[in-house]
Amino acid sequence: MLVALYNRAFEEQDIPILQSIIHKLEHHNMQLVFYKDFFAKLSPHIILKNTPKVFTNKKDLPIKTDMLFSLGGDGTMLDAVCFVGNSNIPLIGVNLGRLGFLAAIPEEEVEDAILSLVRGSYTLEKRTLIHLDSSVPLFDGAPFALNEFTLHRRDSSSMIKIHTYLNGEFLNTYFADGLIVATPTGSTGYSLSCGGPVVFPQTSSFVITPVSPHNLNTRSIVVPDDNVISFEVEGRSEQFLCTLDARTETVHNSIQLAVKREAFTVSLVRPDEHNFLNTIRQKLYWGIDRRN
């Protein structure tokens, strides 16, 4: 099995767990390929059986890679999505960060997770992505995201008006700091913190959630993901921010933008003992109140 390893925020405190993960993978005779910057930082702290291959972008990630380990938090996992793209390489997330909705495997369960991979006792969850169409090229040839697309005012500028359309039909004008269009996977991220609902990953939908709307009766809405959602932005400033997950572009209001469901999906590896219900109970502390 050829396994790629990605980490973006190298922390010295994580060295012991990183060493442990790599040694366990080698113990099971897995071939390793490292993200180049990650390997440069880790190599002084570890001895490997064989000299590994390295990759720097999607193009030089080996086609025959069986799996990509994301070692970090959810932000690291979102970065990893850009590396695998439409290659069908499954992603598995080890949580070295804080919350860990996507990178759901905690440090203490890494050994069991690796054994699950060796035994084949895991499932692949297909997750839909959101795709951005724009009148000028944006996001360096990777106009897709696993969690969300957002429009947002710049810095301390005043609120913006976001005229929003579903398949060309007017939906609403959002007078707000911004607007989020989240996938089911992203419903537990930024959208949730702005009052949006939790949506199951298998749901074929998008969640449209305003960010700090001025009209208090403006709430999230869930729409089928076969809709094309387009926007016109007005404001005192001619520029605003456009994001796909953690990536940001500054965009002029003359640029045409629309989002839709991406043509391909990504696969997340879930050991058999992990599932969405377990994750939301653990991460959102559902059921902790003993009165329930």
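Everything numeric in this text was worked out from a predicted model, so none of it was measured.

Q: Before we go on, may I ask you to explain the overall build of the protein in this structure?
A: When helices and strands are tallied, the protein shows six helices and 17 strands. Principal-axis analysis of the C-alpha atoms gives the protein an extent of 60 × 50 × 35 Å. With 292 residues in all, the protein has 49% of them scored as buried. Contacts in the protein between residues far apart in sequence, at least 24 positions, make up 66% of those at least 6 positions apart.

Q: I'm lost on the packing of aromatic side chains in this one. Help?
A: The geometry of two aromatic rings is summed up by the distance between their centres and the angle between their planes. Summed over the entire model, instances satisfying the criterion amount to 11 aromatic pairs. Ring geometry for Phe-34 against Phe-39: centres 5.1 Å apart, planes inclined by 50 degrees, an arrangement best described as tilted. Looking at Phe-34, the relative accessible area reads 0%, which means it is buried. Among the aromatic side chains, those forming a connected cluster through ring pairs are Tyr-6, Tyr-35, Phe-55 and Phe-83.

Q: How should I be thinking about helix α1 (residues 15-27) in this particular structure?
A: Given 3.6 residues per turn, any residue in an α-helix points the same way as the ones three and four places further on. Compared with an ideal rise of 1.5 Å per residue, which puts 13 residues at 18 Å, α1 spans 18 Å between its outermost C-alpha atoms and is within 8% of the ideal. Buried positions along α1 lie against β1 (2-6), β2 (31-35), α2 (36-42), β4 (67-72), β5 (91-95) and α4 (110-119). One or two positions beyond α1, positive phi appears at Asn-29, with a value near 60 degrees.

Q: Sorry if this is basic, but what is going on with the environment of Pro-143 here?
A: By the element assignment, Pro-143 lies in the loop between β6 (122-134) and β7 (144-145). In sequence terms Pro-143 and Leu-132 are 11 residues apart; their C-alpha atoms lie 5.3 Å from each other. Setting aside residues up to four positions removed in sequence, Pro-143 forms contacts with Ile-130, His-131, Leu-132, Leu-138, Leu-244 and Glu-262.

Q: How should unusual backbone geometry be read in this particular structure?
A: Peptide bonds are, in most cases, trans, and in most cases residues other than glycine have a negative phi. With phi around 50 degrees, Asn-167 is a residue other than glycine that occupies positive phi space. Structurally, Asn-167 is set in the loop between β9 (160-166) and β10 (169-176). The phi angle at Asp-245 is positive, at roughly 55 degrees, despite the residue not being glycine. One can find Asp-245 in the loop between β15 (239-244) and β16 (247-252). The buried category is assigned to Asp-245, whose relative accessible area is 12%.

Conventions adopted
Residues numbered from 1 in each chain as written. Predicted model: local features only at pLDDT ≥ 70, side-chain atom pairs only at ≥ 80, totals over all residues. Heavy atoms only, no water. Helix = DSSP H or I, 4+ residues; strand = E, 2+ residues; numbered from the N terminus. Buried < 20%, exposed > 50% of the residue type's maximum accessible area, 1.4 Å probe, protein only. Contact = heavy atoms within 4.5 Å. Phe/Tyr/Trp six-rings, centres within 6.5 Å; stacked < 30°, edge-to-face > 60°. Expected span 1.5 Å × (residues − 1).

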